[in-house]
Every structure is written in C-alpha cells, then in structure tokens.
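One letter stands for each residue in the lines below.
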Amino acid sequence: MAQDCIFCKIAAGDIEADVVLENDHIIAFRDTHPAAPTHILVIPKKHIPSLTKAELADVDVLGALQLAAARLAQEQGLENGYRVVTNCGEDGGQSVPHLHYHLLGGRNLTWPPG
Ligand code: AMP
C-alpha cells in the first residue's frame, strides 16, 4: 500500500466505494463521476502506479484485471459492446496514479476519444 493513494485506501477498505467485484488480485467499484451509464474502475490491490510501471511479475494481476473487466461487462448486461481503457501519464489523461482500467458501456462510445 502506498501512502496517500486513494485507490490503495479503497482497496484496504479505509475509504468507502460502491464495490461490484473483489478477489485476491483486484477490486472493482463504480466511478464517482461516470462518463457512461456503466462506468466501473477495476484496480489491482497491489500499488502499481500505471501500466508503464507494471513488470513481468505482475502478469497474473494484469490478467486478473482484464478477466474481471470482461466478467463485469457480462454481469452488467453490456452485450451490445463496451470499452476497457487505461490512461497512462499526463498526455494519457491519468489523474489517479494507481493502475486502473475503466470499464465503460451502456451507450455508443465514439472513436477516437478526445
Ligand atoms: P483517470 O483520470 O484515468 O486516472 O481516472 C480516475 C478516475 O477515478 C476518474 O474517472 C474519477 O472520477 C475516479 N475517481 C476518483 N476518485 C474516486 C473515488 N473515490 N471513487 C470512485 N472513483 C473515483
């Protein structure tokens, strides 16, 4: 756990979140500022600052994140499609420095993103 990391605090249960899935590797919760009717964040319990900082030793965690996103998409009824995205660094638009995948769905998502 990293000091002063809001997502580490959510993973530890120190800050409340609307949790929709949790296992040994990950926790998933609803985004407080949803950009789509379904907007869930899937994060590793381990503090990894961004995908850029992930290592080979994190491969199980990275797999768990993606599988959780796909499972949640099914559970949330996103059979018409969805998007899984991770923002990296300043130009990527990352605002929370703890790796997270956004699961977005429930509307037609345009491409390319802004
Ligand atoms: P990013 O800009 O890609 O780093 O995404 C960070 C996301 O975290 C944003 O969509 C925020 O709305 C969301 N967020 C920040 N704090 C919280 C929180 N305490 N609970 C749920 N979502 C949060």
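Each remark here, short or long, concerns the structure printed above.
In this text the structure is predicted, and so the values were computed from the model without any measurement.

Visitor: Which parts of the structure should I look at to understand the pairing of strand β3 (residues 38–44)?
Guide: Strand residues, when the strand is regular, have side chains that alternate between the two faces of the sheet. Among the seven residues of β3, seven are classified as buried, and the element is accordingly described as predominantly covered. What you see with β3 is no split at all: T38, I40, V42 and P44 on one side and H39, L41 and I43 on the other are buried throughout. Two elements, strand β2 (residues 26–30) and β3, share five bridges in a ladder whose sense is antiparallel. What sits directly across from A28, in β3, is V42. Examined bridge by bridge, β3 and strand β5 (residues 101–105) share five bridges and lie antiparallel to one another. Within β5, the position partnered with L41 by the bridge is H102.

Visitor: Teacher, can you tell me more about the nonpolar core here?
Guide: A general feature of soluble globular proteins is that nonpolar side chains tend to end up buried together. Core analysis: the biggest nonpolar cluster contains 18 residues, and I26, V42, L65 and L72 have the highest contact counts within it. Of all elements in the fold, only β2, β3, α2 (59–75) and β5 reach the threshold of two or more residues within this core. Considering every element that reaches this core, the biggest residue donor is α2, with eight residues. Apart from the residues within four sequence positions on either side, I26 is in contact with L21, V42, I43, P44, K45, V61, A64, L65 and A68. Ranked by size, the runner-up nonpolar core spans 10 residues in total, among them C5, C8, I43 and V96.

Visitor: Could you clarify how one ought to interpret the sheet that holds strand β1 (residues 19–22) in this entry?
Guide: In a beta sheet, neighbouring strands pair by backbone hydrogen bonds and run either parallel or antiparallel. Across the sheet, five strands lie side by side as β1-β2-β3-β5-β4; this open sheet has antiparallel pairing. Edge positions in the open sheet fall to β1 and β4 (82–85), since each of these has one partner strand only. Strand-to-strand twist in this sheet, taken as the mean axis angle between neighbours without regard to direction, amounts to 20 degrees. The sheet contact formed by β1 and β2 spans three bridges and is antiparallel. Across the sheet, the residue bridging to V19 is F29, located in β2. Strand contacts of α2: β1, β2, β3, β4 and β5, with the helix running at about 160 degrees to β3, the strand carrying the most contacts.

The rules behind these values
- Residues numbered from 1 in each chain as written.
- Predicted model: local features only at pLDDT ≥ 70, side-chain atom pairs only at ≥ 80, totals over all residues.
- Heavy atoms only, no water.
- Buried < 20%, exposed > 50% of the residue type's maximum accessible area, 1.4 Å probe, protein only.
- Helix = DSSP H or I, 4+ residues; strand = E, 2+ residues; numbered from the N terminus.
- Pairing = 2+ DSSP bridges.
- Core = buried A, V, L, I, M, F, W, Y, C linked by side-chain atoms within 4.5 Å.
- Contact = heavy atoms within 4.5 Å.
- Axes fitted to C-alpha atoms, helices over the stretch in contact; angles between N-to-C directions.

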